[in-house]
Amino acid sequence: MTIVDLADFGADFTADPYPYYARLRETGPVHQMRATDGGRFWLIVGHEEARAALADTRLSKAPATVGATMLDQQVIGPNLLVLDPPDHTRLRKLVAREFTGRRVEALRPRIQQITDELIDTMLPAGRGDLVDALAFPLPIIVICELLGIPAADRDDFRKWSNEIVAPTSAEGESHAVHRLRGYLDELIEVKRCAGPADDLLSALLCTRATEDDRLSAAELRALAYLLLIAGHETTVNLISNGMRALLTHRDQLDALRADFSLLDGAVEEMLRYDGPVENATVRFSVAPVPYGDTVIPPGETVLVGLAAGDRDPARFPDPDRFDIRRDTRGHLAFGHGIHFCLGAPLARLEARVAVRSLLERCPALALDEPASAYEWLPGLLMRGVRHLPVRW
């Protein structure tokens, strides 16, 4: 089988990977790839195959199954993204008990208040960066308040988080992971000594599956790490990518302004069309996994293409068209199976509040720079821009 070299892709691959994924899909749903650092992995680009892979027990999430370890797992501890059942089942059950739909819905008034305050602050300037003004601060304030993280620490956390999800260097990533570990250890100890409080991290300190089964210190640190990183980075990209899609499709923008009953569908189309995560975090084959005439052997690294699968014409007709009235059921933006994103309800709620508030309060909202000027997050995991210049 021919190995596809990422180095042969065009300079615009990071900004617009969809034509490249389409060309790959034309010759098959799965391909062996060579990364720019020379490492090899398998990439799944078909929707049906991606959906199946996300729930396939032959694709493990635990690096130890192939004798590997991940930096954050070594330093922070094993989180839900690097565990298989039964460990994954136990931890997810413990955290899901505290991350309920009722708790998320109860956040709606506060999310609206934060959004209004951020828009109040940005409006007098007449133009600015939508990422800095709203898309980043909204979810970081929400997740920090939910977990009980002091407001004064958010800027440091943003720097660490950005380096972890889109590393500028191996040294920078390692530094950020170690700094975040130290911060979380100190925060957890402060909360442990302070006693019960009305925040998620304090609740997780007390939660247990049985009288003898509660989160260990390493498990609690790893859960806090995952909730902090995943709880805001994906929503930053959802809001910024979604608004970029709306602002480059005026007919859809006008339709939504005229009828906000289309809002829920618009957010789902934002997720499908240009979602916040390009590829799911790595999986490892523990047995042969066939896709048509291609078989991924055991012991291989596998990336499941969420963005690629959501532009598969076999599942979504005319997939490169942004249509807020589209039937988006089955999109993969939040994954599928037992690793389906725990924070999906919160991300959806924040996006709906942010998008509607922006459209209602900024009637002249428009992009302020051509697409060629955007700086996209590097790597194959996250999908988003560092800045989104707009005027209103």
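Residues numbered from 1 in each chain as written. Predicted model: local features only at pLDDT ≥ 70, side-chain atom pairs only at ≥ 80, totals over all residues. Heavy atoms only, no water.

(A) Focus on the overall build of the protein chain. Across its full length, the protein chain carries 16 helices and 13 strands. Here the C-alpha atoms of the protein chain give a radius of gyration of 21 Å, agreeing with the 21 Å that 2.2 N^0.38 yields for 392 residues. Along the longest, intermediate and shortest principal axes, the C-alpha atoms of the protein chain span 55 × 55 × 35 Å. Buried residues in the protein chain amount to 54% of all 392 residues. At a minimum sequence separation of 6, the contacts of the protein chain that also span at least 24 residues come to 71%. Here the protein chain has roughly 16,700 Å² of accessible surface; of this, 53% comes from carbon and sulfur atoms. Of the side chains in the protein chain, 44 bear a positive and 57 a negative charge, and the two mean positions are spaced by 3 Å. (Helix = DSSP H or I, 4+ residues; strand = E, 2+ residues; numbered from the N terminus. Rg over C-alpha atoms; globule rule 2.2 N^0.38 Å. Buried < 20%, exposed > 50% of the residue type's maximum accessible area, 1.4 Å probe, protein only. Contact = heavy atoms within 4.5 Å. Areas by Shrake-Rupley, 256 points an atom, 1.4 Å probe, with all protein chains shown as cover. Lys, Arg positive; Asp, Glu negative; His and termini not counted. Charge placed at Lys NZ, Arg CZ, Asp CG, Glu CD.)

(B) Representation of the packing of aromatic side chains. Per the counting criterion, the structure on display carries seven aromatic pairs. For the ring pair Phe 9 and Phe 13, a centre distance of 5.0 Å and an interplane angle of 65 degrees mean the geometry is edge-to-face. Since its relative accessible area comes to 16%, Phe 9 is described here as buried. Measuring from centroid to centroid gives 5.0 Å for Phe 9 and Tyr 20, while their planes differ by 20 degrees, and the two rings are stacked. Here Phe 9, found in the loop between strand S1 (3-5) and helix H1 (18-26), pairs with Tyr 20, found in helix H1; they are eleven residues apart in sequence, far enough to count as distant. Of note, Arg 23 hangs over the ring of Tyr 20, and the distance from its end group to the ring centre comes to 4.7 Å. The residue whose ring lies beneath Arg 311 is Tyr 18, and the NZ or CZ to ring-centre distance is 3.7 Å. (Phe/Tyr/Trp six-rings, centres within 6.5 Å; stacked < 30°, edge-to-face > 60°. Lys NZ or Arg CZ within 6 Å of the ring centre and 35° of its normal.)

(C) Representation of the sheet that holds strand S12 (residues 366-367) within the structure. Sheet architecture is open: three strands sit in the order S5-S13-S12, paired in antiparallel fashion. Of all strands in the sheet, those bounded by a partner on one side alone are strand S5 (127-129) and S12. (Pairing = 2+ DSSP bridges.)

(D) Focus on the packing of helix H10 (residues 170-194) against helix H12 (residues 217-247). Where H10 contacts H12, the axes come no closer than 10 Å and their chain directions differ by 115 degrees. Between H10 and H12, the angle is such that the two are roughly perpendicular. Once H10 is placed against H12, the crossing between them reads as right-handed. Contact residues: Leu 180, Arg 181, Leu 184, Asp 185 and Ile 188 in H10; Leu 220, Arg 221, Ala 224, Tyr 225, Leu 228 and Ile 229 in H12. A per-class count over the contact of H10 with H12 returns eight nonpolar, no polar and three charged. (Axes fitted to C-alpha atoms, helices over the stretch in contact; angles between N-to-C directions. Parallel < 35°, antiparallel > 145°, perpendicular 65-115°, else oblique. Left-handed = near helix turned anticlockwise from the far one by under 90°. Nonpolar A, V, L, I, M, F, W, Y, C, P; charged D, E, K, R; others polar.)

(E) Quick peek at helix H14 (residues 263-274). Taking 1.5 Å as the rise per residue, H14 with twelve residues should run 16 Å; its terminal C-alpha atoms sit 16 Å apart, in good agreement. Every buried residue of H14 is accounted for by Leu 263, Ala 266, Val 267, Glu 268, Glu 269, Met 270, Leu 271, Arg 272, Tyr 273 and Asp 274. Those residues of H14 that are buried lie in contact with H1, H12, helix H13 (250-258) and helix H16 (344-361). (Expected span 1.5 Å × (residues − 1).)

(F) Structural view of the pattern of salt bridges. Tallied over the entire structure, the rule returns 26 salt bridges. Among the salt bridges present, the one from Lys 191 reaches Asp 199, with a minimum N-O distance of 3.2 Å. By the burial criterion, Lys 191 is buried, and Asp 199 matches it. The salt bridge involving Arg 311 is made with Asp 320; its shortest N-O contact spans 2.7 Å. Taking relative accessible area as the criterion, Asp 320 reaches 48% and is therefore assigned partly exposed. (Salt bridge = Lys/Arg side-chain N within 4 Å of Asp/Glu carboxyl O.)

(G) Layout of the pairing of strand S2 (residues 30-34). Here S2 lies mainly inside the structure; four of its five residues are buried. As paired elements, S1 and S2 share three bridges and run parallel to each other. Among the inter-strand pairings, Asp 5 is bridged to a residue of S2, identified as Arg 34. Chirality of the crossover, the property in question, places the unit of S1, H1 and S2 among those that are right-handed. Relative to strand S3 (residues 40-44), S2 is paired through five bridges, and the arrangement is antiparallel. (Right-handed = clockwise from strand over helix to strand, strands pointing away.)

(H) Quick peek at the pairing of strand S11 (residues 301-304). Bridge analysis of S3 against S11 gives three bridges, and the strand direction is parallel. By the bridge assignment, Ile 44 is partnered in S11 with Val 304. Direction of pairing for strand S8 (residues 283-285) relative to S11: antiparallel, over a ladder of two bridges. Bridge assignment links Phe 284 to a residue of S11, and that residue is Thr 301.

In short, shape yes, function no, at least from these values alone.
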